[in-house]
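# Structure at a glance
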Amino acid sequence: MVIEINGKTAKVSVGGTLFSAGLHMIEDVVVGDYVLLHAGFALQKISEEDATATLKILNEMKTSGSK
Amino acid sequence: MKYVDEYRDNNLIDKLLRLIRSAATGEYRFMEVCGGHTAAIRRFGIGSMLPENIRLISGPGCPVCVTGTGFIDKLIACSRMEGVIIATFGDLLRIPGSSSSLAREKSLGADIRIVFSGLEALEIARSESERKIVFPGIGFETTAPGTAATLLEAEVSGAGNFFILSAHKVMPPAMEAIVKEGTIINGFICPGHVATITGASAFSFISEKYKLGCVITGFEPLDILYAIYMLVVQVNSNAPVTQIQYSRAVTDMGNLIAQNLINEVFCKKEEYWRGFGLISDSGLGIREKYSKYDADCMIPPGVEADKEDRACICGEILRGLKTPDECSLFSRICVPENPVGACMVSDEGACHTYYKYTNG
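Now for a description of the structure that goes with this document. (Residues numbered from 1 in each chain as written. Chains lettered and ligands numbered in written order. Predicted model: local features only at pLDDT ≥ 70, side-chain atom pairs only at ≥ 80, totals over all residues. Heavy atoms only, no water.)

## What to know about the pattern of salt bridges
Residues and elements named next belong to chain B. For clarity, the cut-off: Any carboxyl oxygen of Asp or Glu that lies within 4 Å of a side-chain nitrogen of Lys or Arg is treated as forming a salt bridge with it. Secondary structure elements follow DSSP: runs of H or I no shorter than four residues count as helices, runs of E no shorter than two count as strands, and numbering proceeds from the N terminus. Relative accessibility thresholds used throughout: buried, under 20% of the residue-type maximum; exposed, over 50%; partly exposed, between the two (1.4 Å probe, protein chains only).
Applying the stated criterion across every chain, the model contains 21 salt bridges over all chains. Residue Arg126 is joined to Glu153 by a salt bridge in which the shortest nitrogen-to-oxygen separation is 3.9 Å. Within this pair, whereas Arg126 is found in helix H7 (residues 118–127), its partner Glu153 is found in helix H8 (residues 144–157), the two being separated by 27 residues in sequence. Assessed through its relative accessible area of 37%, Arg126 is described here as partly exposed. Of the charged contacts, one joins Asp223 and Arg248 as a salt bridge, the two residues approaching to 2.7 Å between their closest N and O atoms. Taken together, the residues span a long stretch of sequence, with Asp223 in helix H12 (residues 221–236) and Arg248 in the loop between strand E9 (242–244) and helix H13 (256–265) at a distance of 25 residues. We classify Arg248 as buried; its relative accessible area is 4%. What you see here is one network of salt bridges that share partners, running through Asp111, Arg113, Glu128 and Arg131.

Structural data, given as structure tokens:
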């Protein structure tokens, strides 16, 4: 989660550990956003809507007929 | 942790396993082509959860594993030059070159520093303006835009002592090479983070041209099991397509800003992959207009011809033809503390994960 933004870099907390992340690849980031962090850069913002939708699909899947 | 714990829900994992067992009526071989997936599959024991008729095979998705010995030899040659600092991701240090490694050179006095990003390497260049800083550009579409952004920052700040030795690669041509070679698989578990950059559309030619399912997948147990279920359904219905399981991070078109960064700084070129040899248009070389940052121009002549241990089967493992336990060196001579091949070095390497989670 993004904790602090300073120009093109941000402080990102990963399970409580703070990392520095370049924001060169994403726009409109605000504190509190969840981002994918890879090799010192934020690659993408995580879509809460899609994360919830995936879980909803899994919850609604029918397993009838299976053991 | 948000977006992690929910995807490790035991009840949903059980449910998906029931769905998979119910649907899996044939024989299936799926290849994961991301080192992150290789590590997650071993870490969560996903292979052992699956029925025996579903086999997961590791592919060429670990960036340091597919990096050739010749690239390490070039870095070693740079590290021996007067006034040069190598600023590198840590996992490159222990990859064996032809006759040394960066770790060995460091122990002999070379100035080799570990960084977490290109931006940190650039910071060193700014603070050590009398020295030349070489940053090895390693990795796929996930790390290449960061390297590109770093080079452009160097350009803006006038850091003329900052150099990049690029071994960046793009993933789809290697996947095509696997299919063309005839490795028997029924579908790909596609790299979720690479696809955040490229978009799912970069993989659709594999479904269309080679009739193999591709599912872009996240890295938690539910993500991977869901992707396996989707691939089983695709095989059963004989309808191979490219689908996105990892929709919370991946779109069809990907991250256009990152793609533009890559295209601004790099151009496609033929590239060497360990295990494969040269693959057309699979590498990213620095464009001529940025050649003053290209460390390839400063490599001294006479770098030794690369040679690899003949008994090491990293190459066949990376092509999905063999598994680590089929290697005569594995866990006897080749261990994480003394890696013979690159696949034993990285946390994402097939041999390393196999050793870590199978040998206890």
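## A few points about the packing of aromatic side chains
This is how the line gets drawn: Two rings from Phe, Tyr or Trp (for Trp, the six-membered ring) form a pair when their centres are within 6.5 Å of each other. A pair whose planes differ by under 30 degrees is stacked, one over 60 is edge-to-face, and the rest are tilted. By definition, being over a ring means that NZ of Lys or CZ of Arg is both within 6 Å of the ring centre and within 35 degrees of the ring normal.
Applying the stated criterion to the full structure yields eight aromatic pairs over all chains. Here the aromatic rings of A:Tyr34 and B:Tyr3 are separated by 5.1 Å at their centres, their planes lie at 90°, and the arrangement is edge-to-face. Of this pair, A:Tyr34 sits in the loop between strand E3 (17–22) and strand E4 (35–38) while B:Tyr3 sits in the segment before helix H1 (10–23), placing the two residues on different chains. Members of the aromatic cluster, joined through ring pairs, are B:Phe140, B:Trp273 and B:Phe276. Sitting over the ring of B:Trp273, B:Lys169 keeps its end group 5.8 Å from the ring centre. The positively charged end of B:Arg248 is found above the aromatic ring belonging to B:Tyr7, 3.7 Å away from the centroid.

## Considering the side chain of A:Asp33
Residues and elements named next belong to chain A. Put simply, the rule is: Think of a polar contact as two N or O atoms within 3.5 Å of one another; within protein, one of them needs to be a possible hydrogen donor and the other a possible acceptor, and neighboring residues in sequence only count if both atoms come from side chains.
Following the sequence through the fold, Asp33 ends up in the loop between E3 and E4. We classify Asp33 as buried; its relative accessible area is 18%. A distance of 2.9 Å separates a polar atom in the side chain of Asp33 from the backbone nitrogen of Val30.

## Quick word on the state of the cysteines
Simply put, disulfide is the name for a covalent bond between the sulfur atoms of two cysteines. Residue and element names in this part refer to chain B. Applicable threshold: Throughout, disulfides are identified as pairs of cysteine sulfur atoms within 2.5 Å of each other.
Tallied over the full model, the rule gives one disulfide over all chains. The disulfide partner of Cys62 is Cys65, and the gap between their sulfur atoms is 2.4 Å. Torsion about the S-S bond of the Cys62 and Cys65 cystine: about 70°, corresponding to right-handed handedness. Given the relative accessible area of 3%, Cys62 is considered buried. A disulfide-free cysteine, Cys297 has its sulfur positioned 11 Å from the sulfur of Cys78, the nearest such atom.

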